[in-house]
Amino acid sequence: MHVIYGGTFDPIHHGHLRLALEVSEALSVARIHLVPSHIPPHRGETGASAEQRLELIRQAIAPEPALVLDEQEVRRGGASFTADTLRHLRAELGPDCPLVMVVGTDAFSSFHRWREWEQIPELAHIVVVQRPGSELPMGSEAARILEERRAGCPADLHSRPAGFALELAPPLLDISATGIRQRIAAGRSVRYLTPDVVCQNIDAWKLYGARSGQVR
Ligand code: ATP
């Protein structure tokens, strides 16, 4: 089974890292592939560059063999579409390998606006992680997909290549990249929200408006 977990990771933080480990254990898989999206430069002015986000992820996951970086969306450039990424992986993995996309309820609630969203359940299983304070809107396409495709248990996802939707509610850390960027811009500490090595490089590279010596 191949499991991907996408996001902007601007920057990666302990909320992302814990979620990935919780999902790997819930699904009994050895690896979760983190897929940072490419952000077109005009949208990324105040954040980190794609290369910097990749490097922060590399450093954050270095001690953990269960977490793997997949650079394909950044390497492809342009806007990143999950359907393209899943098609690419499907071609690599072959038709029979279960492929899983992990997404939080906040991101999944706008699923009906994703490019080619109707294709996605044909390409992969969807694991929806409940983020507190982010319920799926009743009657939304996202809620309907979860209802109609609901898996009975995580083991179901191993039984076919795509098509199930599974809801997980692991304990999550209430951390967001937005909160981290805001703290840095306000001159506050982000220690313990993201790994020390990420803090050190935010500081060294003066990301998100950091002043020298502030973030560590
Ligand atoms: P931002 O605040 O910039 O929107 P974010 O911290 O929410 O960023 P993203 O890169 O947008 O992170 O999120 C990628 C994925 O990680 C999404 O599916 C989102 O639901 C999930 N996610 C983000 N933060 C957490 C967290 N603290 N715990 C669990 N999942 C999270």
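Rules used in this analysis
Residues numbered from 1 in each chain as written. Predicted model: local features only at pLDDT ≥ 70, side-chain atom pairs only at ≥ 80, totals over all residues. Heavy atoms only, no water. Near = heavy atom within 4 Å. Polar contact = N/O pair within 3.5 Å; in protein donor to acceptor, adjacent residues only side chain to side chain. Areas by Shrake-Rupley, 256 points an atom, 1.4 Å probe, with all protein chains shown as cover. Helix = DSSP H or I, 4+ residues; strand = E, 2+ residues; numbered from the N terminus. Nonpolar A, V, L, I, M, F, W, Y, C, P; charged D, E, K, R; others polar. Core = buried A, V, L, I, M, F, W, Y, C linked by side-chain atoms within 4.5 Å. Buried < 20%, exposed > 50% of the residue type's maximum accessible area, 1.4 Å probe, protein only. Contact = heavy atoms within 4.5 Å.

Asks: Looking at this model, I keep getting lost on the site of the ligand. Mind explaining?
Replies: Lining the immediate surroundings of the ligand are 21 residues, of which Y5, D106, L173, A177 and T178 lie closest. With respect to the ligand, the side chain of Y5 contributes an N or O atom lying 2.7 Å from an oxygen atom. A distance of 2.8 Å separates a nitrogen atom of the ligand from a polar atom in the backbone of I175. Burial of the ligand by the protein chains amounts to 87% of its free accessible area of 600 Å². Residue assignment for the shell around the ligand shows that the elements contributing at least two residues are β1 (2-7), α1 (14-27), β4 (99-104), α5 (105-108) and α8 (177-185). Its residues assigned to classes, the shell around the ligand comprises nine nonpolar, nine polar and three charged.

Asks: Is there a simple way to explain the nonpolar core in this structure?
Replies: Soluble globular proteins: nonpolar side chains tend toward being buried together. In terms of nonpolar packing, the biggest core is built from 44 residues, with L27, I32, V102 and V127 touching the most fellow members. Apart from residues lying up to four places away in sequence, V102 is in contact with V3, I4, Y5, G6, L19, V23, V127 and V129. If you look at the next biggest cluster of nonpolar residues, it comprises 21 residues, including I4, A83, F111 and I120.

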